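# Observations on the three-dimensional arrangement
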Amino acid sequence: MALRFLVPAMAFFGFLAAASPAQAQADAKGSQDHPLVTRMPGFYIDTYAVEEFAAFDPTVIGGKDTHWEGKKFAIAYDLKEGATRVSTLQIVRNYEAAIRRIGGALLGGDERRMTGEIRKDGAMTGVYVEVFNDGRNFSVTIVESQAMRQDVVADAAAMGKDLDASGKTIIYGIHFDTGSAALKPDSEPALAEMVKLMTGTPALKAFVVGHTDNVGAADMNLKLSSARAEALVKALVARGIAAMRLRSFGAGPFSPVASNREETGRAKNRRVELVEQ
């Protein structure tokens, strides 16, 4: 009696075994190629992870150490069963050509690794490719460099403590579009705290000082920082703060608080400060 069920059961498990390799060669659920670069033919996505803000230090062969921070995509590709295998070097050279074709620069590499950067409109995207197992597997790590979103806006009390301690305070949460002096709507919470500070300390008179990074000509950055400071003064006056208590000033790129060599430092340098008169 048991033999009547043995053959169907073996057939069922045989089906599972046959189906498993095909299923394993499908892209991981929810994964996709990064829109900047596609995959080599004959490969599928084995693992896929995205972090909204993370750090990554690519291996730069023959170049200087590099540190990236921003939105990080980590994609691992495996060769499909039966697909034609290409050489390790062919994979590397294909990605090098792709980076050059979209206007990027190669930072370094060897026969199985490459590091490149694409810089456009003040943003940087880093691409790191590493090949394993004679071309059967490779990984692509892409970091879209950006300043970490400022979720915490300094409140009036914290601003007041900074002013008491050092005579100035950096105003977190004041945002402008690139190259623009127009305040973005998400600056409203920080503006409200500035109004609260000025209202609560009626004797306070302050310089509103705009700062930029060093990207672009210095004279243009001076004009931009001045325009941004003026825009902030106008916004505060429109909210009831007496104009005589405020003076705008643009410092441009001449008073950085961090290195301008990396985007994270440049983001810190693009700021507005309140300085006691």
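Below is a short write-up of the structure. Position numbers for residues count from 1 along each chain, tracking the sequence in the order it is written. Only residues with pLDDT of at least 70 are given local features in this predicted model, and only at 80 or more are side-chain atom pairs given and counted; all residues enter the totals for whole chains, interfaces and linings. Heavy atoms throughout the structure, all of them, feed into the side-chain values; hydrogens and water do not.

## Some points on the packing of helix α4 (residues 188–200) against helix α5 (residues 218–238)
- Each axis is a line fitted through C-alpha atoms, taken for helices only over the stretch in contact, and angles between the N-to-C directions span 0 to 180 degrees. Numbering of helices and strands starts at the N terminus; helices are DSSP runs of H or I of at least 4 residues and strands are runs of E of at least 2. One can describe the packing of α4 onto α5 by two numbers: an axis separation of 10 Å at closest approach and a directional angle of 65°. Here the hand of the crossing between α4 and α5 comes out right-handed. On α5, the residues touching Leu 191, Met 194 and Val 195 of α4 are Leu 232, Ala 235 and Leu 236.
- Classification used: nonpolar for Ala, Val, Leu, Ile, Met, Phe, Trp, Tyr, Cys and Pro, charged for Asp, Glu, Lys and Arg, polar for all others including Gly. Of the residues belonging to the contact of α4 with α5, the class tally is six nonpolar, no polar and no charged. Definitions for this section: a left-handed crossing has its near helix turned counterclockwise from the far helix by less than a right angle. A right-handed crossing has that turn clockwise. We call two residues in contact whenever any of their non-hydrogen atoms come within 4.5 Å of each other.

## Thoughts on α4
- In this model α4 runs 18 Å from its N-terminal to its C-terminal C-alpha over 13 residues, within 8% of the 18 Å that 1.5 Å per residue would give.
- Taken residue by residue, α4 has Ala 190, Leu 191, Glu 193, Met 194, Val 195, Leu 197 and Met 198 as its buried positions.
- Looking at the buried residues of α4, the elements they touch are α3 (156–166), α5, β9 (246–252) and β10 (272–276). In this analysis, the expected span of each helix is defined as 1.5 Å times one less than the number of residues it contains. When a residue's accessible area, from a 1.4 Å probe over protein chains only, is under 20% of the maximum for its type it is buried; when over 50% it is exposed; and in between it is partly exposed.

## Some thoughts on the pairing of β10
- Two strands make a pair as long as DSSP finds a minimum of two bridges between them. With three bridges joining them, strand β7 (residues 168–170) and β10 adopt antiparallel strand pairing. Within β10, the residue paired with Thr 169 across the bridge is Leu 274.
- Pairing analysis gives five bridges linking strand β8 (residues 206–211) to β10, with the strands arranged antiparallel. Looking across to β10, one finds that Phe 207 is bridged to Val 275.

## With respect to the packing of aromatic side chains
- For Phe, Tyr and Trp, where Trp contributes only its six-membered ring, two rings pair if their centres lie within 6.5 Å, and the inter-plane angle classes them as stacked under 30 degrees, edge-to-face over 60, or tilted in between. Counting across every chain of the model gives five aromatic pairs.
- A ring pair is formed by Phe 56 and Trp 68, whose centres lie 6.1 Å apart and whose planes are at 35°; its orientation type is tilted. Within this pair, whereas Phe 56 is found in strand β1 (residues 43–56), its partner Trp 68 is found in strand β2 (residues 68–79), the two being separated by 12 residues in sequence. Here Phe 56 matches Trp 68 in class, with each residue buried.
- Their ring planes at 20° and their centres at 4.8 Å tell us that Tyr 77 and Phe 138 sit as a pair that is stacked. Of this pair, Tyr 77 sits in strand β2 while Phe 138 sits in strand β6 (residues 137–145), placing them 61 residues apart in sequence.

## Side note on the sheet that holds β10
- Taken in spatial order, the four strands of this open sheet run β7-β10-β8-β9, and their pairing is mixed. Looking at the sheet topology across the chains shown, the edges are occupied by β7 and β9. With direction set aside, neighbouring strand axes in the sheet form an average angle of 20°.
- The strands that α3 touches are β7 and β10; relative to β7, the one it contacts most, it runs at about 140°.
- Those strands touched by α5 are β8, β9 and β10, and its axis lies near 155° from that of β9.

So far we have only geometry, and geometry alone does not tell us how the molecule works.
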